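Read off the chains here:
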Amino acid sequence: LEAKEEFSHKTRAMDVMRPRKNDPPLTVITQDSMTVEDVETIVTKTTYSGYPVVVSRASQRLVGFVLRRDLIISIENARKKQDGIVSTSIICFTDYCPPLPPSSPSVLKLRSILDLSPFTVTDETPMEIVVDIFRKLGLRQCLVTHNGKLLGIITKKDVLKHIAQMANQDPESILFN
Ligand code: ADP
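Below is a summary of the structure that appears in this document.

Rules used throughout
Counting of residues starts from 1 at the beginning of each chain's written sequence and follows it residue by residue. For this predicted model, a pLDDT threshold of at least 70 governs which residues receive local features, and a threshold of 80 or more governs which side-chain atom pairs are given and counted, while totals over whole chains, interfaces and linings are taken from all residues. Values reported for side chains reflect all heavy atoms of the structure, with hydrogen atoms and water molecules removed beforehand. Comment: elements are numbered from the N terminus, with helices defined as DSSP H or I runs of at least four residues and strands as E runs of at least two. For the exposure calls, accessible area comes from a 1.4 Å probe over protein chains only, and a residue counts as buried if that area is under 20% of its type's maximum, exposed if over 50%, partly exposed in between. In what follows, residue pairs with any heavy atoms lying within 4.5 Å of each other are defined as contacts. Per-residue accessibility takes into account occlusion by the displayed protein chains alone, with areas from the Shrake-Rupley method and a 1.4 Å probe. Whether a residue is near a molecule or strand depends on its heavy atoms: if one lies within 4 Å, it is near. What qualifies as a polar contact is a pair of N or O atoms within 3.5 Å, subject to a donor-acceptor requirement within protein and to the restriction that residues adjacent in sequence count only when both atoms come from side chains. Ring pairs shown here join Phe, Tyr and Trp side chains whose ring centres sit within 6.5 Å, with only the six-membered ring taken for Trp; geometry is labelled stacked below 30 degrees between planes, edge-to-face above 60, and tilted in between. By the convention used here, strands pair only if DSSP detects at least 2 bridges between them. Fitted lines through C-alpha atoms give the axes, limited to the stretch in contact for helices. The angle between two N-to-C directions lies from 0 to 180 degrees. Working note: the arc is built from the helix axis to C-beta atom directions.

This brings us to the overall build of the protein. Scanning the protein for helices and strands turns up five helices and nine strands. Ordered by position from the N terminus, the helices and strands of the protein form the series α-β-β-α-β-β-α-β-β-β-α-β-β-α. Burial status across the protein gives 37% buried among its 177 residues. Pairs at least 24 residues apart make up 55% of the contacts formed inside the protein by residues separated by at least 6 positions. Total accessible area on the protein is roughly 10,900 Å²; 53% of this is exposed by carbon and sulfur atoms.

The following block contains the structure:
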């Protein structure tokens, strides 16, 4: 609860999160504007365990987090069992789905698979604290924000790699990490 400046020279969440500088942007899903086909493309082209859900690409406001396997299962089930779900159906993670023209295909509502309060830290958070949070809460991943906007993601593996790196570089620091 004190000695904040003690951390100022140390690694922060922004140094460990993905994407790194010059990496392609974070793969996100929007809350009510992507089609079944859009999301199917994302889950086929990427192998991430999950995807942050945002209000819109432009706003990058975080709404929640959805696991890849839940998306795959839900879409597969809906295509088989739910009338009117086709490639052009909009996927909606919100309570109230936007009104669409009467001719458009049924909306696929996936609110139930959305984790509405994924753990987040700000980009300035010292990695000591992030590591501690991962340990104490048993997190699989944590999202990184700046001024409420989504910036990146840190997975458990990213944290383990960071710890291994710290151990190699500076044996002293392991005592404090
Ligand atoms: P793991 O870290 O256990 O391999 P993932 O497969 O989910 O888990 O993530 C692989 C790498 O990609 C990690 O370094 C992680 O930070 C990053 N990552 C995870 N999810 C996303 C995403 N939606 N968009 C971009 N990068 C991601």
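Now, onward.
In the neighbourhood of the ligand, 13 residues make up the surrounding shell, with Arg18, Thr27, Ser49, Thr155 and Asp158 lying closest. A distance of 2.9 Å separates an oxygen atom of the ligand from a polar backbone atom of Ser49. One of the side-chain N or O atoms of Asp158 is found 2.5 Å from an oxygen atom in the ligand. If the ligand stood free it would expose 540 Å²; the protein chains cover 80% of that surface. Those elements giving two or more residues to the shell around the ligand turn out to be strand E3 (50–54), strand E9 (149–155) and helix H5 (156–169). Of the residues forming the shell around the ligand, the biggest block, three residues, is contributed by E3.

On to the packing of aromatic side chains. Scanning all chains against the criterion turns up one aromatic pair. Judged by centre distance (6.4 Å) and plane angle (75°), the rings of Tyr48 and Tyr51 are edge-to-face. Given a relative accessible area of 0%, Tyr51 falls into the buried group.

Let's shift gears to the sheet that holds E3. With mixed pairing, the three strands of this open sheet are ordered in space as E1-E3-E4. Two strands close off the open sheet at either side, each with one partner strand: strand E1 (29–30) and strand E4 (62–67). Contacts from helix H3 (residues 68–81) reach E1, E3 and E4 within the one sheet, and its direction differs from that of E4 by about 75°.

Every buried residue belonging to helix H2 (residues 36–45) is among Val36, Val39, Ile42 and Val43, and all of these are buried. Down the axis of H2, the buried side of the element spans an arc of 125°, and every buried residue falls inside it. Within H2, the exposed residues directed more than 90 degrees away from the buried face are Thr44 and Lys45. Check the buried side of H2 and you find it contacts E1, strand E2 (34–35), E3, H3, strand E5 (90–92) and strand E6 (108–109).

We now examine the sheet that holds strand E7 (residues 120–122). Across the sheet, three strands lie side by side as E7-E8-E9; this open sheet has mixed pairing. The open sheet is flanked by E7 and E9, the only strands paired with a single partner. Within the sheet, the average angular offset between the axes of one strand and its neighbour, ignoring direction, is 35°. Pairing between E7 and strand E8 (residues 141–146): three bridges, direction parallel. When the bridges of E8 are listed, Val121 appears paired with Val144.

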